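A closer look at the structure
Each chain, letter by letter, is given below.
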Amino acid sequence: MSAQAGVRPAQGEAIRRRRDEVRTLDTHQSIRTGQEAPRAAYTLGIDIGTTAVKAILLSERDIVHQSSATHSLRSPQVGWAEEDAEQWWANTLRVVRETLEAAPEAAGQIAAIGVSGMVPALVLLDGDGRPLRATIQQNDARAVQELEEVRDALDQERLFARTGGYSNLQHVLPRLLWVRRHEPEIWARTRTVLGSYDYINYALTGVRALEMNWAVESGMYDIRTGEWLDDSLALLGADPELLPPVRPSGEIIGAVTEAAAAQTGLTAGIPVIAGSADHVASTLAAGITEPGELLIKFGGAGDLLYCMDEIRPDPQLFFDCHVFPDAYLLNGCMASSGSLVKWYAEQMLQDNSPDLFRRLDEEAARVAPGADGLIILPYFLGEKTPIFDPQARGVLMGLTLSHTRGHIFRAVLEAVIYGFRHHIEVLEGIGCRATRVLATNGGAKSRFWCQIAADVLGTEIRAYPGHPGSALGVAFLAGKTAGLYRDWKDIERFLTEYADYRPIPAHTAIYDEAYAVYRELYPLLKPQFERVNALYRDRTEAAQPPGASTTKGEHAS
């Protein structure tokens with residue numbers, strides 16, 4: 001199948017039917033007992049993000065309360081990205097308790113709960129449901145050798161036709177093969193593989209299930225038939241029960257258990273839906289339901305999502321099912337975006353003062369567009385779309401003694417938007433032109449960064465600076481399933497705070513020239529990245545004692 005070939009929703013009937021077979025709930029009844037219950041007036045959304053767990057409580061028309069608890073992404077070796085699933089659960093307990101303390105009237109009136117999160121993160125559980133090691137995140141780039149083996153073993157054109165993508169490091173299979181090879185003692189004890197939000201769902205309900213977009217982005221799932229690929233499972237050599245059943249986003253998978261209720265303060269029996277990939281939930285939360293609408297998401301990783309009404313994957317992008325019926329998403333994902341900004345502040349400046357980013361914006365605003373010739377490649381964790389190169393590395397080009405930290409900060413912000421522009425060029429190259437562009441997540445709070453985005457992209461942008469992002473989207477989805485919201489357009493009730501940005505033509509002209517240099521840098525430097533990585537790899541392998549492994553205990557500090 002060619003990259004241009006499209007499949008109308010009717011042709012993807014199997015996966016659409018699975019997604020649309022969503023259990024709905026009569027909010028006057030208890031899902032567990034069938035007894036009369038008070039009218040449910042609230043819905044709870046939880047998001048497992050790269051840097052924090054967030055919770056949001058919605059009423060029918062208002063955001064009642066928001067809470068967050070931070071955690072850290074760890075990179076113990078070059079290209080690695082790990083987190084602690086048990087810390088996610090601890091943070092979930094904290095934000096839920098804080099929410100119920102702030103709104104005690106909601107405790108017995110929550111209609112449903114939805115959880116979103118990073119995808120496809122890997123959580124490996126033993127037979128008792130305990131995590132065996134630190135999670136392997138979606139932007140982890142360790143499984144380079146395993147990826148090459150998978151590419152050699154599987155017919156890549158057939159794989160693209162069935163999954164919507166060629167083998168890449170975001171896929172689940174290479175990372176599972178890495179665990180099997182390098183951590184055999186962990187692999188031997190692994191009984192279940194879950195994603196980030198699937199793990200929190202399991203902690204809440206005791207039900208092991210995978211949400212549909214985890215499966216779609218795994219690279220092992222047929223996006224038209226809704227089945228796991230036999231050849232991928234055979235290559236892994238694992239028990240098929242390692243992967244739990246796949247559920248549509250809005251389907252109720254279970255209810256809050258007595259044990260989870262005791263830990264969280266929630267009422268036992270509250271229904272929990274399968275949830276959503278964070279970027280998909282953010283797309284709904286921005287009100288994107290029409291073909292041609294485009295979201296740029298300034299998160300820890302940078303996401304760009306284009307809405308369409310047909311199954312038409314492209315090899316340079318990821319593909320997702322929208323939670324909105326009969327809609328799909330082409331998804332560009334940059335491995336480091338907001339995480340690059342955070343790295344610069346924490347590691348280079350070593351400054352965690354609360355007004356740091358305001359001051360950096362002010363310093364960078366005094367620098368001309370293009371940062372006086374300083375251009376950065378933002379590939380600090382390798383890169384996913386559209387180049388799919390785990391060995392790519394961050395580069396500061398054009399640095400001189402006249403450059404200040406304001407120059408570097410501006411160049412960091414510009415680099416992320418250059419990455420978004422690259423993705424938009426890919427979309428336009430396959431005939432997908434944006435009818436409107438929206439922006440959400442942390443970077444949307446910066447008027448300075450949003451203006452850079454409008455200037456670099458040469459288009460008007462509507463940004464939602466106080467937008468809760470994924471937590472809002474998944475809370476609304478849970479409420480839609482529960483009947484608290486009757487129409488998908490009801491999401492617009494929560495989109496009242498926004499700012500519009502228009503490009504400044506003189507700035508756009510400068511950025512056109514700087515962007516051309518940006519695009520030429522990667523092809524020129526690509527041959528050198530492998531040599532640089534080999535230098536580091538040889539040094540670390542020589543320093544590592546024989547038999548060293550990467551168990552959870554070694555990374556728990």
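On a predicted model such as this, the values are computed, not experimentally measured, just so you know.

Our focus in this paragraph is the overall build of the protein. Counting its regular elements, the protein contains 17 helices and 22 strands. Per-residue burial over the protein gives 59% buried out of 557 residues. Counting only carbon and sulfur atoms, one obtains 50% of the accessible surface of the protein, whose full area is about 21100 Å².

Now for the packing of aromatic side chains. What the rule picks out here adds up to 21 aromatic pairs. An angle of 55 degrees between the planes, with centres 6.1 Å apart, marks the rings of Y418 and Y515 as tilted. Of the two residues, Y418 sits in helix α14 (residues 405–429) while Y515 sits in helix α17 (residues 505–543), which places them 97 residues apart along the sequence. A residue is classified by how much of its surface remains accessible, and Y515, at 3% relative accessible area, is buried. Put simply, the rings of F324, F476, Y485, W488 and F494 touch in pairs and so form one group of aromatic residues. Its guanidinium or amino end placed over the ring of W178, R142 lies 4.6 Å from that ring's centre, counting from NZ or CZ. Over the ring of Y498 we find R462, and its NZ or CZ is 3.7 Å from the ring centre.

Where helix α13 (residues 356–365) meets α14, the axes come as close as 8 Å, and the angle between the chain directions of the two elements is 95 degrees. Overall, the two elements α13 and α14 adopt an arrangement that is roughly perpendicular. Contact residues: α13 offers F357, R359, L360, D361, E363, A364 and A365, while α14 offers R405, G406, F409, R410 and L413. Grouping the amino acids of the contact of α13 with α14 by side-chain chemistry returns 6 nonpolar, 1 polar and 5 charged.

With that out of the way, let us pick up the pattern of salt bridges. Charged atoms that come close allow side chains of opposite charge to pair. Taken as a whole and assessed by the stated rule, the structure comprises 33 salt bridges. Salt-bridge contacts for R421 lead to D512; the nearest nitrogen and oxygen are separated by 3.0 Å. Separated by 91 residues along the polypeptide, R421 in helix α14 and D512 in helix α17 bring together distant segments of the chain. Where R462 meets D500, a salt bridge forms, and the shortest distance between an N and an O atom there is 2.8 Å. Of this pair, R462 sits in strand β21 (residues 461–463) while D500 is found in strand β22 (residues 499–501), placing the two residues 38 residues apart along the sequence. Judged by relative accessible area, which is 35%, D500 ranks as partly exposed. Put simply, E82, R133, D140, R142 and E183 are held in one network by salt bridges that share partners.

Looking now at the environment of V179. By secondary structure assignment, the location of V179 is in helix α5 (residues 172–182). It is 9.9 Å that separates the C-alpha atoms of V179 and L124, two residues lying 55 residues apart in sequence. Setting aside chain neighbours within four positions, we find V179 in contact with L124, I136, P184, I186 and W187.

Here the focus is the sheet that holds strand β20 (residues 436–440). The sheet built from 7 strands is open, its strands ordered β16-β17-β15-β14-β20-β21-β22 with mixed pairing. In this open sheet, the two strands that pair with only one neighbour each are β16 (318–321) and β22. The mean angle between the axes of side-by-side strands here comes to 25 degrees, regardless of whether they run parallel or antiparallel. Examined bridge by bridge, strand β14 (residues 293–298) and strand β15 (residues 302–308) share 5 bridges and lie antiparallel to one another.

Our next topic: helix α7 (residues 196–205). It helps to recall that an α-helix has 3.6 residues per turn; residues three or four apart then point in one direction. Counting buried positions along α7 gives 9 out of 10 residues, so the element sits mostly inside the fold. The complete set of buried residues in α7 reads S196, Y197, D198, Y199, I200, N201, Y202, L204 and T205. Once α7 ends, the next one or two residues include G206, with phi positive near 80 degrees.

Time to look at unusual backbone geometry. With the exception of glycine, the majority of residues adopt a negative phi angle, and the majority of peptide bonds are in the trans configuration. Of note, the amide linkage connecting V119 to P120 takes the cis form, showing an omega dihedral of -5 degrees. Within the secondary structure layout, P120 lies in the loop between β5 (110–117) and β6 (123–125). Cis geometry marks the peptide bond from T385 to P386, where omega comes out at -10 degrees. Inspection of the secondary structure puts P386 in the loop between β18 (375–377) and β19 (395–397). Phi is positive for D326, close to 60 degrees, though the residue is something other than glycine. Position of D326 relative to the elements: it lies in the loop between β16 and β17 (328–334).

On to the confidence of the model for the protein. The share of residues in the protein with pLDDT of 70 or more is 89%, and the mean pLDDT across the chain is 90. In this model, residues 1–11 is a region of pLDDT below 50 whose contacts with residues beyond four sequence positions or in other chains number 30 contacts. The low-confidence segment residues 546–557, where pLDDT is below 50, has 22 contacts with residues more than four positions distant or belonging to other chains.

Before going further, it helps to spend a moment on the side chain of N139. Examined against the element boundaries, N139 turns out to sit in the loop between β7 (135–136) and α3 (144–153). Residue classification places N139 among the buried residues on the basis of a relative accessible area of 6%. Ignoring any residue separated from it by four or fewer positions in sequence, one finds N139 in contact with L73, G79, A81, A335, L381 and K384.

So, how was this worked out
- Residues numbered from 1 in each chain as written.
- Predicted model: local features only at pLDDT ≥ 70, side-chain atom pairs only at ≥ 80, totals over all residues.
- Heavy atoms only, no water.
- Helix = DSSP H or I, 4+ residues; strand = E, 2+ residues; numbered from the N terminus.
- Buried < 20%, exposed > 50% of the residue type's maximum accessible area, 1.4 Å probe, protein only.
- Areas by Shrake-Rupley, 256 points an atom, 1.4 Å probe, with all protein chains shown as cover.
- Phe/Tyr/Trp six-rings, centres within 6.5 Å; stacked < 30°, edge-to-face > 60°.
- Lys NZ or Arg CZ within 6 Å of the ring centre and 35° of its normal.
- Axes fitted to C-alpha atoms, helices over the stretch in contact; angles between N-to-C directions.
- Parallel < 35°, antiparallel > 145°, perpendicular 65-115°, else oblique.
- Contact = heavy atoms within 4.5 Å.
- Nonpolar A, V, L, I, M, F, W, Y, C, P; charged D, E, K, R; others polar.
- Salt bridge = Lys/Arg side-chain N within 4 Å of Asp/Glu carboxyl O.
- Pairing = 2+ DSSP bridges.
- pLDDT = per-residue confidence, 0-100.

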